[in-house]
Amino acid sequence: MIIKALEKPKINYEKPTFTLDVNQVALRNPNSWPPEMDGLAQLEYNYFGPQTIELCVTPRTPEEIKYGIPIDQLGDSAYRRFQKSKLFKLRPDDTLLTLKGQEANVLWNGIRFILFPSVDDTHLNPNQRSDIDQIFFHTTASGSLENSAFVTTDNNFHAHKNELKSELGIEIANPAGIWSEYSSYDNIVNPSQDDIDDLIKGQKDYLIKLQKEANS
């Protein structure tokens, strides 16, 4: 494990908890999604409807917030942002990874070298730093939970999933794999196509409402 804090026993939390890669957040009808996103609509339905699972999305931090911060200090910056979030404040303490001293920086940089081992600091681009942030936030927020995973179709995450498992103790999975694993749980609902269509329509309507309010 990259840091000692990661070695603590896993917690049996009340709900299966999944962190969605920001690229998994989609408003198009699921009929137009590629096959690798199969299962995502069912996961979203169980989150927005019966609330049988927990879904999280790590924020994409604007680059200006990171401006001037050395690469080896970005972990501490990310951890302090996470501590201000609603998720951090609502979760029971034992479900979160508590980082002390330089642990946040060691963790962030450890993830950085797993995901992008051949990229030097000067060529680490904003999208790559965002990917590191996403795994950092998932590890800190949900890596201590038994039934948790980072859900993505990104090839780079999957190419390093074994190392991320051994060094961080986290699972990397695609939506279809997670749905296949958890759909048989007693309280998980298998929605109909009409249920999914209603969910997507509701999301689109809500987005339009937000856009109108923002422009009024």
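Refer to the structure presented above.
Residues numbered from 1 in each chain as written. Predicted model: local features only at pLDDT ≥ 70, side-chain atom pairs only at ≥ 80, totals over all residues. Heavy atoms only, no water.

Caption draft 1: How the structure looks around empty space enclosed by the protein. Applying the stated criterion across every chain, the model contains one cavity of 30 Å³ or more. Of the volumes computed, that of the largest cavity is approximately 50 Å³. In terms of lining, the largest cavity is formed by Ala5, Leu6, Lys8, Lys10, Leu97, Thr139, Gly143, Ser144 and Leu168. Split by residue class, the lining of the largest cavity holds four nonpolar, three polar and two charged. (1 Å grid on protein atoms, 1.4 Å probe; cavity = no way out; pocket = protein on both sides within 12 Å on 5 of 7 lines; lining within 4 Å. Points joined across faces, edges and corners; volume = space filled by probe spheres on them. Nonpolar A, V, L, I, M, F, W, Y, C, P; charged D, E, K, R; others polar.)

Caption draft 2: Spotlight on the sheet that holds strand 2 (residues 54–57). Sheet architecture is open: four strands sit in the order 2-1-3-4, paired in parallel fashion. Both edges of this open sheet fall to strand 2 and strand 4 (172–173), since each of them pairs with a single strand only. Pairing between strand 1 (residues 17–20) and strand 2: four bridges, direction parallel. Residue threonine 19 lies in a different strand from strand 2, and its bridge partner there is cysteine 56. Contacting strand 1, strand 3 (148–151) and strand 4, helix 6 (residues 126–142) runs over the sheet at an angle of about 165 degrees to strand 3. (Pairing = 2+ DSSP bridges. Helix = DSSP H or I, 4+ residues; strand = E, 2+ residues; numbered from the N terminus. Contact = heavy atoms within 4.5 Å. Axes fitted to C-alpha atoms, helices over the stretch in contact; angles between N-to-C directions.)

Caption draft 3: Here's a closer look at the pattern of salt bridges. Evaluation of the coordinates by the stated rule reveals seven salt bridges. For arginine 80, the salt bridge identified is with aspartate 76, shortest N-O distance 3.0 Å. Remark: aspartate 76 and arginine 80 occur in helix 3 (residues 74–83); sequence separation between them is four residues, near one turn of the helix. You can call arginine 80 partly exposed: its relative accessible area is 45%. Residue classification places aspartate 76 among the partly exposed positions, given a relative accessible area of 25%. (Salt bridge = Lys/Arg side-chain N within 4 Å of Asp/Glu carboxyl O. Buried < 20%, exposed > 50% of the residue type's maximum accessible area, 1.4 Å probe, protein only.)

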